[in-house]
Amino acid sequence: MIFLRKNYPVTQLKRNFAAMNETTLYIALLAAGASFVQRTTGFGFGIFIMSALPYLMPSYGEATTLSGLLALTTSTIIVLNMRKYIVWKRLAGILMTFVAISAIAICMLSKIEGRTMRMILGAVLILTSLYFSFFKDKVRKFIRPNLRSQIGAGTLSGVMGGLFGMQGPPAVLYFISTEPDKNHYMAIIQMYFVIGNTMMTIVRALNGYLTPAVGTTYIYSLAGLAVGTLAGSWAFSRIPNRIFTYVVYAYIGISGAIILLTA
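Residues numbered from 1 in each chain as written. Predicted model: local features only at pLDDT ≥ 70, side-chain atom pairs only at ≥ 80, totals over all residues. Heavy atoms only, no water.

Novice: Would you mind showing me how to read the nonpolar core here?
Specialist: Nonpolar side chains in soluble globular proteins tend to be buried together. Core analysis: the biggest nonpolar cluster contains 39 residues, and Phe-43, Leu-91, Ile-94, Phe-175, Tyr-185, Tyr-192 and Phe-244 have the highest contact counts within it. Mapped by element, the contributors of at least two residues to this core are α3 (60–82), α4 (92–107), α7 (168–178), α8 (182–206) and α10 (241–262). Per element, the largest residue contribution to this core is 12 residues, and it comes from α8. Not counting residues within four places of it along the chain, the set of residues in contact with Tyr-185 comprises Thr-41, Gly-42, Phe-43, Val-172, Phe-175, Ile-176, Glu-179, Phe-244 and Val-248. Counting residues in each nonpolar core, the second largest holds 22 residues, with Ile-27, Leu-30, Ala-71 and Phe-164 among its members. (Core = buried A, V, L, I, M, F, W, Y, C linked by side-chain atoms within 4.5 Å. Buried < 20%, exposed > 50% of the residue type's maximum accessible area, 1.4 Å probe, protein only. Helix = DSSP H or I, 4+ residues; strand = E, 2+ residues; numbered from the N terminus. Contact = heavy atoms within 4.5 Å.)

If you want it as structure tokens, here you go:
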């Protein structure tokens, strides 16, 4: 009996360690897939990883924080390689709106129960997928590179980024409709994500969501992130400019199918 009592904590510790390693591996694989999608289509990191990450992290707030940190890293790598395509005057309005709205949305996280957030996330992904799929032609005609469109896209992006860790779809819709080619689109939207995710990480840290669990998991996920980014770069370079828009919209449809299967 004494032997069993002395060794029980060690046995339990081993079990906990094995479970942690398994969870870390899952998250690293999710990071690889999410970074591949981000590098190929210019967005979708949050959409991909947040379909499963809230179930693997201790809380929903920590899941959005980890997603934001990993997405920030991916976008920074892309920006360093494509910075010559960035036109800053086409970025300012939407970015400033996003920063203000997302800060407010993040502060609301502590007042909303995690399961409710996952249900809202699923509904938002489904509706976004349907909206892009059925109304993309009309929306492209409506959106113009002016301040009104930037404020509208920045507001929607701020709400979705702050609450769900997936600010991409509204910004994607705006930039892919106003940028001249896929290189300009990729560079400017990644700069948008770099600044936006940096700000959101600071706000999340101030709200207590940047925990040791987030930091440790982030470090272990970097290998998966590197693999996914390299593979995505290869895929992006081989997509003709004339069909790139269709690839982006196709992924939105896929994200809707994923959430239907996992909801």
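Novice: Explain the packing of α4 against α8 here, please?
Specialist: Angle between the axes and distance between the axes are the two parameters that describe a pair of packed helices. Closest axis-to-axis distance for the α4/α8 pair is 10 Å, and the angle between their directions is 25 degrees. Taken together, the axis directions place α4 and α8 in an arrangement best described as roughly parallel. Crossing of α4 over α8 shows right-handed handedness. On α8, the residues touching Ile-94, Leu-95, Phe-98, Val-99, Ser-102, Ala-103 and Ile-106 of α4 are Tyr-192, Ile-195, Gly-196, Met-199, Met-200, Val-203 and Arg-204. The residue inventory of the contact of α4 with α8, partitioned by class, reads 11 nonpolar, 2 polar and 1 charged. (Axes fitted to C-alpha atoms, helices over the stretch in contact; angles between N-to-C directions. Parallel < 35°, antiparallel > 145°, perpendicular 65-115°, else oblique. Left-handed = near helix turned anticlockwise from the far one by under 90°. Nonpolar A, V, L, I, M, F, W, Y, C, P; charged D, E, K, R; others polar.)

Novice: Would you explain the environment of Thr-178 in this entry?
Specialist: Within the element layout of this structure, Thr-178 appears in helix α7. It is 6.6 Å that separates the C-alpha atoms of Thr-178 and Arg-144, two residues lying 34 residues apart in sequence. In this view, Thr-178 contacts Ile-143, Arg-144 and Pro-145; residues no more than four positions away in its chain are not counted. Among the polar contacts listed, one links the side chain of Thr-178 to the backbone oxygen of Tyr-174, at a separation of 3.0 Å. (Polar contact = N/O pair within 3.5 Å; in protein donor to acceptor, adjacent residues only side chain to side chain.)

Novice: So what exactly am I meant to see when it comes to the packing of aromatic side chains here?
Specialist: What characterises a pair of aromatic rings is the spacing of the ring centres plus the angle enclosed by the ring planes. Tallied over the entire structure, the rule returns 6 aromatic pairs. Ring centres 5.9 Å apart and planes at 70 degrees place the aromatic pair Phe-175 and Tyr-192 in the edge-to-face group. Residue Phe-175 is found in helix α7, and its partner Tyr-192 is found in helix α8; the two are separated by 17 residues along the sequence. Each residue in the set Phe-98, Tyr-174, Phe-175, Tyr-192 and Phe-193 is aromatic and connected to the rest through ring pairs, giving one cluster. Between the NZ or CZ atom of Lys-182 and the centre of the ring of Phe-236, over which it lies, the distance is 4.5 Å. (Phe/Tyr/Trp six-rings, centres within 6.5 Å; stacked < 30°, edge-to-face > 60°. Lys NZ or Arg CZ within 6 Å of the ring centre and 35° of its normal.)

Novice: Got a minute to help me understand the packing of α3 against α8 in this structure?
Specialist: Taken N-terminus to C-terminus, the directions of α3 and α8 make an angle of 145 degrees; their axes are 8 Å apart at the nearest point. With respect to the hand of their crossing, α3 and α8 are arranged in left-handed fashion. Here Thr-64, Thr-65, Gly-68, Leu-69, Ala-71, Leu-72, Ser-75, Thr-76, Ile-78, Val-79 and Met-82 of α3 come into contact with α8, specifically with Asn-183, Met-186, Ala-187, Gln-190, Met-191, Phe-193, Val-194, Asn-197, Thr-198, Thr-201 and Arg-204.

Novice: How should I be thinking about α3 in this particular structure?
Specialist: Residue pairs spaced three or four apart in an α-helix point in one direction, given the helix's 3.6 residues per turn. For α3, built from 23 residues, the straight-helix expectation of 33 Å at 1.5 Å per residue is met to within 8% by its first-to-last C-alpha distance of 33 Å. Extensive coverage of α3 is indicated by the burial of 19 of its 23 residues. (Expected span 1.5 Å × (residues − 1).)

Novice: In this structure, what is going on with α4? I would like to understand it.
Specialist: With 16 residues, α4 extends 23 Å from end C-alpha to end C-alpha; this agrees with the ideal 22 Å at 1.5 Å per step. Among the residues making up α4, those that are buried are Gly-93, Ile-94, Leu-95, Thr-97, Phe-98, Ser-102, Ala-105 and Ile-106. The arc that holds the buried residues of α4, viewed along the axis, is 165 degrees, so those residues lie on one side. Within α4, the exposed residues directed more than 90 degrees away from the buried face are Met-96 and Ile-104. On the buried face of α4, the contacting elements are α6 (147–164), α7 and α8. (Arc of directions from axis to C-beta.)

Novice: Would you explain the pattern of salt bridges in this entry?
Specialist: When charged atoms on two side chains of opposite charge get close, those side chains can pair. Applying the stated criterion to the full structure yields 1 salt bridge. Between Glu-179 and Arg-90 there is a salt bridge, with its nearest N and O atoms 2.8 Å apart. Within this pair, whereas Glu-179 is found in the loop between α7 and α8, its partner Arg-90 is found in the loop between α3 and α4, the two being separated by 89 residues in sequence. With relative accessibility at 8%, the residue Glu-179 sits in the buried group. (Salt bridge = Lys/Arg side-chain N within 4 Å of Asp/Glu carboxyl O.)

Novice: What's the story with the side chain of Thr-40 in this structure? I'm lost.
Specialist: With respect to the helices and strands, Thr-40 occurs in helix α1 (residues 2–41). Take Thr-40: its relative accessible area is 7%, and that puts it in the buried class. A polar side-chain atom of Thr-40 sits 2.7 Å from the main-chain carbonyl oxygen of Phe-36. Ignoring sequence-local partners within four residues, the contact set of Thr-40 consists of Met-186, Gly-232, Ala-235, Phe-236, Ile-239 and Phe-244.

Everything listed here is a matter of geometry and, on its own, says nothing about what the molecule does.
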